[in-house]
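A look at the structure
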Amino acid sequence: MAQLNETQIENIVKQVISNLGKTEVASAPVTNEPQKQYSSAGYKGRTFVGVYADMNDAIDAANEGYKCVRNMSVEEREKIITAIRELTRAEAPIMAELGVDETGMGKVEHKIAKHILVADKTPGTEDIVSTAKTGDNGLTLIEMAPFGVVGAISPSTNPSETVICNSIGMIAAGNGVVFNPHPGAIATSNYAIDLVNRASKMAGGPEVLVASTLKPTLESANTMYAHPSIKLLVCTGGPGVVKSVLSSGKKAIGAGAGNPPVIVDDTADIVKAGKDIIDGCCFDNNLPCIAEKEVFAFANIKDRLIAEMQKNGAYLITADEANALNKIVLVEVENKKTGKKSKQVNRKCVGRDADKLLAMIGKTVSKDVRCIICETDFNHDFVQHELMMPILPIVSVRNIEEAIDLAVKAEHGNRHTAHMHSKNIDNLTNFARAVETTIFVKNAPSYAGIGFGGEGHTTFTIAGPTGEGITSARSFTRQRRCVMADSFRII
Ligand code: NAD
């Protein structure tokens, strides 16, 4: 499949916006309207369905939804999923604007494209495949069954995208779902939960199929972990929350942090590499966990690569400017229990536009600047921390051995995502083997790894730590076996 360029993304966005008026189900887009016509409970006077003050009530509602789904045929479930896809396409601009307005992070046009991707490329019921084994002792049937009610934690970086992607997969698998959304993106997440419930009702399903809470907290997450109705936990977020679900004592799927390195060797198409890296790094202002976070470039092509990046909207800052920016985008935080200090990403800078980040160090640049680039050494904070903002450090390396060694260290053993631009198959193979990531993208922008201009289905829950990988409906199932001894074979 061909790569999507910025113009194609813009065209998709224009098409979606022009279709808005033609759909009965979509509300008007937020654009040019007074802001804050939303809360965690509703949007423009409409109260969200499936959102409860108490997490226990949300779990009970999701349990009722699960009971309905259990009694549905696969065809009926698929109808609901089709309706979710249609509503997601129609209301992508609303969710994109809500997401940017509520969190202050990311880019509306890119968030629209992410929602369309979720609608188009998240697998449905076709992903659930039964298998049979026959032999001298008869027939054994293996079916993929639902867990029951899934407790899902969703992030602030792709809030509604994750809710919709998880809902499609979990419902396709026959589960009910209750969400504990990120406190910084409750309205956007609850909008998506309401959308899934509206789709369910439209397609003849229960009024409340998925549920959530008005004020998600760590306490409500703990209620979810402990509740006997919750049979599977699925967590999409940073290291703290993934650790907490994996310590819950329940079956858990953990989709955690990444810090994807990019290697560019001297066999690469440098013009394409420069463009691809900036396109991937700037997508939704670097919020996706798969996005390029640091580059290791061969010394003999580094300057050409930087020049190509500059042609694609990258702004090169000096070492002093990088150090000034470093003091703003990372803050020292003291652990209340141990008293130990560590550097953490300043949430106020995550997902912000490049020109706004530069304004923080007193530099005024054009809005066309998409990304800040700088040359650093390997130990620089920009290389070591998952910044999730359009700042890309470039480290010069002498050869492939040094590139792989440093890139593997920068990935910090997350086993999440890595990228490489090269035409040398030995170099590509050696890096892929050494870094052991769930996603490895060759000669393309990072988003090709989640089906955006690359083959394969999409997901917004990439489960590296627990091994499900690019999650889909089948990841949310449990295997069951039925044995008919000595008969039922037809041969
Ligand atoms: P976050 O870790 O700040 O929060 C995620 C959710 O967990 C929120 O609802 C938060 O309130 C809750 N939470 C945090 N600590 C908790 C605890 N100890 N117990 C219970 N709940 C807790 O996530 P974020 O900042 O929105 O997302 C960014 C992080 O998530 C990045 O590290 C990114 O790489 C990662 N991420 C990973 C994937 C993936 O598919 N692997 C996808 C998106 C984001």
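Report on the accompanying structure. Starting from 1, residues in each chain are numbered consecutively following that chain's sequence as written. Only residues with pLDDT of at least 70 get local features here, since the model is predicted, and only at 80 or more are side-chain atom pairs given and counted; chain-wide, interface and lining totals rely on the full set of residues. Note: side-chain values were computed over all heavy atoms of the structure, leaving out hydrogens and water.

This part takes up the sheet that holds strand 19 (residues 417-421). Two strands are counted as paired when DSSP detects at least two bridges linking them. Secondary structure elements are taken from DSSP: a helix is a run of H or I of four residues or more, a strand is a run of E of two residues or more, and numbering for both begins at the N terminus. The parallel open sheet is built from seven strands, whose spatial order is 14-17-18-13-12-19-20. With one partner strand each, in any of the chains shown, strand 14 (314-316) and strand 20 (439-442) form the two edges of the open sheet. This sheet shows a mean twist of 25° between the axes of neighbouring strands, independent of strand direction. Bridging between strand 13 (residues 294-298) and strand 18 (residues 391-397) involves four bridges; their strand directions are parallel. Bridge pairing links Phe-298 to Val-397 in strand 18. Only the contacting stretch of a helix is used when fitting its axis, a line to C-alpha atoms as for every element, and angles between N-to-C directions run 0 to 180 degrees.

With that out of the way, let us pick up the side chain of Thr-140. Along the chain, Thr-140 falls in strand 6 (residues 138-146). Any two residues whose heavy atoms approach within 4.5 Å at even a single point are treated as in contact. When sequence neighbours within four positions are dropped, the list of residues in contact with Thr-140 reads Thr-131, Ala-132, Lys-133, Arg-481, Cys-482 and Val-483.

Below, the discussion takes up the pattern of salt bridges. The salt bridge definition used is simple: a Lys or Arg side-chain nitrogen within 4 Å of an Asp or Glu carboxyl oxygen. Scanning the model with the defined rule gives 24 salt bridges in all. Asp-194 is the salt-bridge partner of Arg-46, the closest N and O atoms lying 3.1 Å from each other. Of this pair, Arg-46 sits in strand 3 (residues 46-47) while Asp-194 sits in helix 6 (residues 186-202), placing them 148 residues apart in sequence. Under the scheme applied here, a residue whose accessible area is under 20% of the maximum for its type counts as buried, over 50% as exposed, and between as partly exposed, the area being computed with a 1.4 Å probe on protein chains only. Owing to a relative accessible area of 1%, Asp-194 belongs among the buried residues under this scheme. In this structure, Lys-275 engages Asp-279 in a salt bridge whose closest nitrogen and oxygen atoms are separated by 2.5 Å.

Before going further, it helps to examine the pairing of strand 5 (residues 131-135). As paired strands, strand 5 and strand 6 are joined by five bridges and run antiparallel to one another. When the bridges of strand 6 are listed, Lys-133 appears paired with Thr-140. Once strand 5 ends, the chain turns through two residues before running back antiparallel as strand 6.

Moving on, we come to the packing of helix 4 (residues 108-121) against helix 5 (residues 159-172). Packing of helix 4 against helix 5 brings their axes to within 10 Å, and their N-to-C directions diverge by 0°. The angle between helix 4 and helix 5 falls in the class roughly parallel. Seen from helix 4, the contacting residues are Lys-111, Lys-114, His-115 and Val-118; seen from helix 5, they are Ser-160, Glu-161, Ile-164, Cys-165 and Ile-168. Only Asp, Glu, Lys and Arg are considered charged in this grouping, and only Ala, Val, Leu, Ile, Met, Phe, Trp, Tyr, Cys and Pro are considered nonpolar; every other residue, Gly among them, is considered polar. Partitioned by chemical class, the residues of the contact of helix 4 with helix 5 number four nonpolar, two polar and three charged. Under this scheme an angle from 65 to 115 degrees is roughly perpendicular, one under 35 degrees roughly parallel, and one over 145 degrees roughly antiparallel; angles in between are oblique.

It is worth spelling out the side chain of Thr-188 at this point. Summarising the element assignment, Thr-188 is placed in helix 6. With a relative accessible area of 0%, Thr-188 lands in the buried category. Not counting the four nearest positions on each side in its chain, Thr-188 is found in contact with Met-95, Leu-98, Gly-99, Glu-102, Pro-159 and Ser-160.

Next up on the list: the sheet that holds strand 7 (residues 149-153). For sheets, the rule is that strands pair by backbone hydrogen bonds, running either parallel or antiparallel. Reading across from one edge, 4-9-8-7-10-11 is the order of the six strands in this open sheet, with parallel pairing throughout. Since the sheet does not close on itself, it has two edges, and those belong to strand 4 (51-52) and strand 11 (252-255), each with one partner. Across five bridges, the pairing between strand 7 and strand 10 (residues 230-236) is parallel. Residue pairing for strand 10: Ala-152 is matched across the bridge by Val-234.

A separate point is the site of the ligand. Whether a residue is near a molecule or strand is decided by its heavy atoms; if any one of them lies within 4 Å of it, the residue is near. Taken together, 31 residues surround the ligand, and among them Ser-156, Gly-238, Gly-256, Glu-386 and Ile-462 come closest. Pairing of N or O atoms within 3.5 Å defines a polar contact, subject to two protein rules: one partner must be a possible hydrogen donor and the other a possible acceptor, and residues neighboring in sequence count only if both atoms are side-chain atoms. At a separation of 2.8 Å, a nitrogen atom of the ligand approaches a polar backbone atom of Gly-256. A distance of 3.2 Å is found between a nitrogen atom of the ligand and a side-chain nitrogen or oxygen belonging to His-416. In short, Shrake-Rupley with a 1.4 Å probe defines the accessible areas, and a residue's cover is counted only from the protein chains shown. Its free accessible area being 850 Å², the ligand has 88% of it covered by the protein chains. Of all elements in the fold, only helix 7 (218-226) and helix 8 (239-246) reach the threshold of two or more residues within the shell around the ligand. Its residues assigned to classes, the shell around the ligand comprises 14 nonpolar, 15 polar and two charged.

Inspection of the secondary structure assignment puts Val-149 in strand 7. The sequence separation of Val-149 and Leu-233 amounts to 84 residues, and the corresponding C-alpha distance is 9.0 Å. If near-sequence neighbours (up to four positions away) are discounted, Val-149 is found in contact with Ala-62, Asn-63, Tyr-66, Gly-176, Val-177, Val-178, Ser-229, Ile-230, Lys-231 and Leu-232.

The interhelical angle for the contact between helix 3 (residues 74-103) and helix 4, taken along N-to-C directions, is 150°, at an axis separation of 8 Å. Looking at the two axes, helix 3 sits roughly antiparallel to helix 4. Where helix 3 crosses over helix 4, the handedness of that crossing is right-handed. Counted together, Arg-85, Thr-88, Arg-89, Ala-92, Pro-93, Met-95, Ala-96, Glu-97, Gly-99 and Val-100 of helix 3 and Val-108, Lys-111, Ile-112, His-115, Ile-116, Val-118, Ala-119 and Asp-120 of helix 4 form the full contact between these two elements. When the residues that make up the contact of helix 3 with helix 4 are grouped by side-chain class, the tally is ten nonpolar, three polar and five charged. Crossing handedness is read from the near helix: turned anticlockwise from the far helix by less than a right angle, it gives a left-handed crossing, and turned clockwise, a right-handed one.

Next up on the list: the packing of aromatic side chains. Ring pairs are drawn from Phe, Tyr and Trp, using the six-membered ring of Trp, whenever the two centres fall within 6.5 Å, and their geometry is named by plane angle: stacked under 30 degrees, edge-to-face over 60, tilted for the rest. Counting across every chain of the model gives seven aromatic pairs. Between the aromatic rings of Phe-296 and Phe-378, the centroid separation amounts to 6.4 Å while the plane-to-plane angle is 40°, which identifies the pairing as tilted. Of this pair, Phe-296 sits in strand 13 while Phe-378 sits in the loop between strand 17 (371-375) and helix 13 (381-384); the two residues are 82 residues apart in sequence, bridging distant segments of the chain. Each member of the pair, Phe-296 as well as Phe-378, is classed as buried. Aromatic ring contacts, followed pair by pair, group Tyr-43, Phe-48 and Tyr-191 into a single cluster.

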